[in-house]
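# Reading the structure
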Amino acid sequence: MSFGIWRFLLDRQYRASLRPDLAGAFPQAPNRALTTVEDPVKRLHKFRNRIAHHEGIWHLPLEARRDDIQTVLGFIAPAAAAWVTDVSRIDDVLACRP
């Protein structure tokens, strides 16, 4: 499923009917609470759309979006989040930005 679908499935209107199934997609979320997952996913969805539409992002809080990525990935698979942290060059790229 695309990232956009996940963003909208986490929306409040689906929470009651899909909650048990959706919570299973984020097994490491504290208390398996979808509200904990919803906010960073919304921010990442908006960020992804800016990039997809070739809008500028350098003025945005990129460190916060990096943290959102790590947070959501950690909710899904902590080992994958650790691997991404180990191999990511995002901090090097951010240090060189204008």
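Computed from a predicted model, the values in this text were never measured in an experiment. (Residues numbered from 1 in each chain as written. Predicted model: local features only at pLDDT ≥ 70, side-chain atom pairs only at ≥ 80, totals over all residues. Heavy atoms only, no water.)

### With respect to the pattern of salt bridges
The condition is simple: Definition used for salt bridges: Asp or Glu carboxyl oxygen within 4 Å of a side-chain nitrogen of Lys or Arg. Remark: exposure states derive from per-residue accessible area (1.4 Å probe, protein chains only) relative to the maximum for the residue type, with buried under 20%, exposed over 50%, and partly exposed in between. Elements are defined by DSSP. Helices are runs of H or I of four residues or more, strands are runs of E of two residues or more, and each kind is numbered from the N terminus.
What the rule picks out here adds up to seven salt bridges. A salt bridge links Arg50 to Glu55; the nearest nitrogen and oxygen atoms lie 3.7 Å apart. Judged by its relative accessible area of 23%, Arg50 is partly exposed. Between Arg97 and Glu63 there is a salt bridge; the shortest N-O distance is 3.1 Å. With Arg97 in the segment after α6 (90–95) and Glu63 in helix α4 (residues 62–76), this pair connects stretches of sequence that are 34 residues apart. Classification of Arg97 as partly exposed rests on a relative accessible area of 27%.

### Describing the environment of Arg48
In plain terms, the rule: Contact criterion: two residues are considered in contact whenever any of their non-hydrogen atoms come within 4.5 Å of each other.
By the secondary structure assignment, Arg48 is in helix α3 (residues 34–52). Not counting residues up to four positions away in its chain, the partners in contact with Arg48 are Phe3 and Gly4.

### Here's the deal with the environment of His45
The condition is simple: Here a polar contact is taken to be a pair of N or O atoms separated by no more than 3.5 Å, where protein atoms must pair a possible hydrogen donor with a possible acceptor and residues adjacent in sequence count only if both atoms sit in side chains.
Checked against the element boundaries, His45 lands in helix α3. Judged by relative accessible area, which is 10%, His45 ranks as buried. Through-space distance from the C-alpha of His45 to that of Ile90 is 18 Å; in sequence the pair is 45 residues apart. In this structure, His45 is in contact with Phe3, Gly4, Arg7 and Phe8, ignoring residues within four places of it in sequence. A polar side-chain atom of His45 sits 3.3 Å from a polar atom in the side chain of Arg48.

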